[in-house]
Amino acid sequence: MTYSKFAAQGIRKVAAMDWKPRHVVNSNCSSIGGTLAPAGLDNAKGLISAWWEIVVTDPKHQDKPRVKAYIEFMKKYMPSVGIDDNTATPGYNNAYMIEQVLKRCGNDLTRENLLKHATSLKDEQPPLFLDGVNVSNSPTDYRAIHNLQICRFDRANWIPVGDMVDLDGIAS
């Protein structure tokens with residue numbers, strides 16, 4: 001993914017300049033294997049990002065059945081993608097949510113019925129979402145994720161900083 005490539009280049013350049021800004025990366029560019037390892041894990045120390053998905057290589061999640069199922073899925077269907085490259089995680093979670101919507105639609109796959117079910121999700125938890133982060137939306141509010149965890153990279157893992165942030169309490 002090109003976002004990871006360019007983020008890695010930026011992280012390396014900031015480190016080469018010995019610049020120490022508060023460096024925030026978006027979730028698309030926070031993959032340990034896809035971005036931070038190519039940038040240099042030492043160069044990435046202290047980066048800040050927002051998370052709502054599990055990092056499957058984080059030791060605290062290793063024993064979760066849903067993480068084990070994902071790792072088996074990746075080994076079977078995407079063996080060329082490293083487990084530490086979490087750029088595939090959103091697709092896995094999105095596929096799960098699409099499955100839930102289609103199950104609710106039954107045999108009525110009209111546009112109206114798909115929209116009805118896709119915009120009335122309540123407290124669904126995709127398999128690789130952090131505990132406490134669910135998907136909920138409505139026909140008047142399409143936002144699916146309403147909270148996230150701010151994290152800081154410690155050269156090996158993303159470490160939570162403070163409590164989970166409630167996005168509904170932030171003015172838009």
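Attention in this report is confined to the structure presented alongside it. Since the model is a prediction, treat every value here as computed from it, not as a measurement. (Residues numbered from 1 in each chain as written. Predicted model: local features only at pLDDT ≥ 70, side-chain atom pairs only at ≥ 80, totals over all residues. Heavy atoms only, no water.)

**Focus: the overall build of the chain**
Phase 1 of the analysis: On a plain count of helices and strands, the chain comes out with 6 helices and 4 strands.
Phase 2 of the analysis: Secondary structure elements of the chain, listed N to C terminal, follow the sequence α-α-α-β-α-α-α-β-β-β.
Phase 3 of the analysis: For the chain, buried positions account for 37% of its 172 residues.
Phase 4 of the analysis: Considering only residue pairs separated by 6 or more positions, the chain has 54% of its internal contacts joining residues 24 or more positions apart.
Phase 5 of the analysis: Element-wise, carbon and sulfur atoms account for 56% of the exposed surface of the chain, whose accessible area totals about 10100 Å².
Phase 6 of the analysis: Here the chain holds 20 positive side-chain charges and 19 negative ones, and the gap between their average locations is 5 Å. (Helix = DSSP H or I, 4+ residues; strand = E, 2+ residues; numbered from the N terminus. Buried < 20%, exposed > 50% of the residue type's maximum accessible area, 1.4 Å probe, protein only. Contact = heavy atoms within 4.5 Å. Areas by Shrake-Rupley, 256 points an atom, 1.4 Å probe, with all protein chains shown as cover. Lys, Arg positive; Asp, Glu negative; His and termini not counted. Charge placed at Lys NZ, Arg CZ, Asp CG, Glu CD.)

**Looking at the packing of aromatic side chains**
Phase 1 of the analysis: Counting across every chain of the model gives 5 aromatic pairs.
Phase 2 of the analysis: An aromatic cluster is defined as three or more aromatic residues linked by ring pairs; in this entry it consists of Y70, F73, Y77 and Y92. (Phe/Tyr/Trp six-rings, centres within 6.5 Å; stacked < 30°, edge-to-face > 60°.)

**Concerning the pattern of salt bridges**
Phase 1 of the analysis: If you walk through the whole model with that rule in mind, you get 10 salt bridges.
Phase 2 of the analysis: A salt bridge links D168 to R143; its shortest N-O distance comes to 2.8 Å. Residue D168 is found in the segment after β4 (165–166), and its partner R143 is found in the loop between α6 (111–118) and β2 (147–153); the two are separated by 25 residues along the sequence.
Phase 3 of the analysis: Classification of D168 by relative accessible area gives partly exposed; the value is 46%.
Phase 4 of the analysis: Residues participating in the shared-partner salt-bridge network are K64, R66 and D131. (Salt bridge = Lys/Arg side-chain N within 4 Å of Asp/Glu carboxyl O.)

**With respect to helix α5 (residues 89–105)**
Phase 1 of the analysis: Spanning 17 residues, α5 covers 25 Å between terminal C-alpha atoms, matching the ideal 24 Å at 1.5 Å per step.
Phase 2 of the analysis: Where α5 is buried, its residues contact α4 (65–77) and α6.
Phase 3 of the analysis: Immediately beyond the C-terminal end of α5, within one or two residues, lies G106, with a positive phi of roughly 60 degrees. (Expected span 1.5 Å × (residues − 1).)

**Digging into the nonpolar core**
Phase 1 of the analysis: Counting residues in hydrophobic clusters, the biggest one holds 30 residues, and the most contacted among them are I11, L36, L47, Y70, F153 and W158.
Phase 2 of the analysis: Only α1 (2–16), α2 (32–39), α4, α5 and β2 provide two or more residues apiece to this core.
Phase 3 of the analysis: Filtering out sequence-adjacent residues up to four positions away, Y70 remains in contact with V56, A88, T89, Y92 and L128. (Core = buried A, V, L, I, M, F, W, Y, C linked by side-chain atoms within 4.5 Å.)

**Let's talk about the pairing of strand β1 (residues 48–51)**
Phase 1 of the analysis: Judged by which residues are buried, β1 turns out to be covered on both faces: I48 and A50 on one side and S49 and W51 on the other are all buried.
Phase 2 of the analysis: Strand direction decides the pairing type here: β1 and β2, joined by 4 bridges, are antiparallel. Within the sheet, the bridge partner assigned to S49 lies in β2 and is C151. (Pairing = 2+ DSSP bridges.)

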